[in-house]
Amino acid sequence: MKQNFWTKIPIVTTVLVGFNICVWIFLEATGDSNDTLFMVEHGASFLPYIVYEGEWWRLFTSMFFHFGSEHLCNNMLMLGLMGPRLEHVLGSVRFGILYVLSGLSGSLLSLYQEMRAEEFAVSAGASGAVFGVVGGLLAWALLNKGKVEGLTTRGLLMMAALSLYYGFSTAGVDNWGHIGGILGGFLLGVIFAVFSKIIDFGKGKQYTKDVESQTQNSLDGGNHED
């Protein structure tokens, strides 16, 4: 019987949600997470500091910063719903890798588009990484008969499309960060899914060889000469 993803605690998802909340509480306790200048001073993404001052670490730290409670709750709700599903099929380590790299891919694409447009904005939030989780689920579903942990490819596509539409129709949303995140998550999801299939195929071949060997040994052992 297949184990339900809720029967095993999603360690990485739980840690990520808890850490994001703790960071936000710290920011609120020491200042105002809605204050753009305050967020920049504490590690939010801002192109002039990243490119001209060499503070590339902001691409990472900004993934855990949120502008206000609503921003935090929206991202953590999505992560709490989608994260356990992907962590269950990928495993905790690969899920953690996908989450971080998706967030970084979102930050990098957003940075690139800002450089092209020459319009600098302060960016923060886990949205890129969360969209990466959706992208990873979509990739896994496409390569596994159109379903993953109770979600269908069609449902995931609708979810991604609606989320992106909401972003483009709402002011102050880093849409390129979302796109970069979902593309990064999808690519990594494909890599991990194919890798998993290769491992399963290898295990299947080894299992077949072991069974054949045991069968042959049983047959040889059953022949007695008087």
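None of the values given here were measured: they were computed from a predicted structure.

Procedures and definitions
Residues numbered from 1 in each chain as written. Predicted model: local features only at pLDDT ≥ 70, side-chain atom pairs only at ≥ 80, totals over all residues. Heavy atoms only, no water. Helix = DSSP H or I, 4+ residues; strand = E, 2+ residues; numbered from the N terminus. Buried < 20%, exposed > 50% of the residue type's maximum accessible area, 1.4 Å probe, protein only. Contact = heavy atoms within 4.5 Å. Areas by Shrake-Rupley, 256 points an atom, 1.4 Å probe, with all protein chains shown as cover. Patch = residues over 30% accessible without salt bridge, like charges linked within 9 Å, V, L, I, M, F, W, Y side chains within 5 Å. Salt bridge = Lys/Arg side-chain N within 4 Å of Asp/Glu carboxyl O. Phe/Tyr/Trp six-rings, centres within 6.5 Å; stacked < 30°, edge-to-face > 60°. Axes fitted to C-alpha atoms, helices over the stretch in contact; angles between N-to-C directions. Parallel < 35°, antiparallel > 145°, perpendicular 65-115°, else oblique. Left-handed = near helix turned anticlockwise from the far one by under 90°. Nonpolar A, V, L, I, M, F, W, Y, C, P; charged D, E, K, R; others polar. Polar contact = N/O pair within 3.5 Å; in protein donor to acceptor, adjacent residues only side chain to side chain. Expected span 1.5 Å × (residues − 1). Arc of directions from axis to C-beta.

**Student:** Could you give an account of the overall build of the chain, with specific residues and numbers?
**Tutor:** Tallying secondary structure elements over the chain gives nine helices and two strands in all. Here the chain holds 226 residues, and the buried ones make up 41% of them. Once local pairs closer than 6 in sequence are excluded, the contacts in the chain between residues at least 24 apart make up 75%. On the chain, roughly 13000 Å² of surface is accessible, and the fraction owed to carbon and sulfur atoms is 64%.

**Student:** Please set out the environment of Ala139 residue by residue, giving values where relevant.
**Tutor:** By secondary structure assignment, the location of Ala139 is in helix α7 (residues 127-142). When the C-alpha positions of Ala139 and Leu156 are compared, they lie 9.9 Å apart, and in sequence the two are 17 residues distant. Setting aside residues up to four positions removed in sequence, Ala139 forms contacts with Phe186, Gly189 and Val190.

**Student:** Tell me about a nonpolar patch on the surface, and name the residues and values.
**Tutor:** Together, Leu142, Leu143, Phe186, Val194 and Ile198 make up a nonpolar patch on the protein surface, roughly 410 Å² of accessible area in all. Mapping Phe186 onto the fold places it in helix α9 (residues 175-221).

**Student:** How would you explain the packing of aromatic side chains if you had to name every residue and give the values?
**Tutor:** Enumeration over the complete set of coordinates arrives at four aromatic pairs. On the numbers, 5.3 Å between centres and 65° between planes, the contact of Phe60 with Phe64 is edge-to-face. Classification of Phe64 by relative accessible area gives buried; the value is 7%. An angle of 40° between the planes, with centres 6.5 Å apart, marks the rings of Phe95 and Tyr99 as tilted. Of the two residues, Phe95 and Tyr99 are both situated in helix α6 (residues 92-117); the distance of four residues between them amounts to about one turn of the helix.

**Student:** Could you give me a rundown of the packing of α7 against helix α8 (residues 153-168), with the residues and numbers involved?
**Tutor:** When two helices pack together, their arrangement is given by the angle between the helix axes and the distance between those axes. Contact pair α7 / α8: the axes reach a minimum separation of 9 Å and the direction vectors enclose 155°. With respect to α8, the element α7 is oriented roughly antiparallel. Of the two possible hands of crossing, α7 and α8 adopt the one that is left-handed. For the pair α7 and α8, contact is made by Phe131, Val134, Leu137, Leu138, Ala141 and Leu142 and by Thr153, Leu156, Leu157, Met159, Ala160, Ser163 and Leu164, respectively. Partitioning the contact of α7 with α8 into residue classes produces 11 nonpolar, two polar and no charged.

**Student:** Can you lay out the side chain of Ser45 for me, pointing to particular residues and giving the numbers?
**Tutor:** Topologically, Ser45 is positioned in the loop between α2 (36-42) and α3 (47-52). Those residues in contact with Ser45 that sit more than four places away from it in its chain are Ile50, Arg58, Leu59, Ser62, Ala121, Val122 and Ser123.

**Student:** Could you give an account of the side chain of Ser110, naming the residues involved and the relevant values?
**Tutor:** Looking at the secondary structure, you find Ser110 in helix α6. Residue classification places Ser110 among the buried positions, given a relative accessible area of 5%. Within the structure, the side chain of Ser110 is placed 2.8 Å from the side chain of Asp174, a separation counted as a polar contact. In contact with Ser110, other than residues within four places in its own chain, are Ser123, Asp174, Trp176 and Gly177.

**Student:** Pulling in residues and values, what's your account of α8?
**Tutor:** In an α-helix, one turn spans 3.6 residues; hence positions three or four apart end up facing the same way. Over its 16 residues, α8 runs 22 Å from end to end, which matches the ideal 22 Å to within 8%, given 1.5 Å per residue. Among the residues of α8, Thr153, Leu156, Ala160, Leu164 and Gly167 are the ones counted as buried. All buried residues of α8 lie within an arc of 70° about the axis, which places them on one face of the element. Residues Arg154, Leu162, Tyr165 and Tyr166 are exposed on α8 and point more than 90 degrees away from its buried face.

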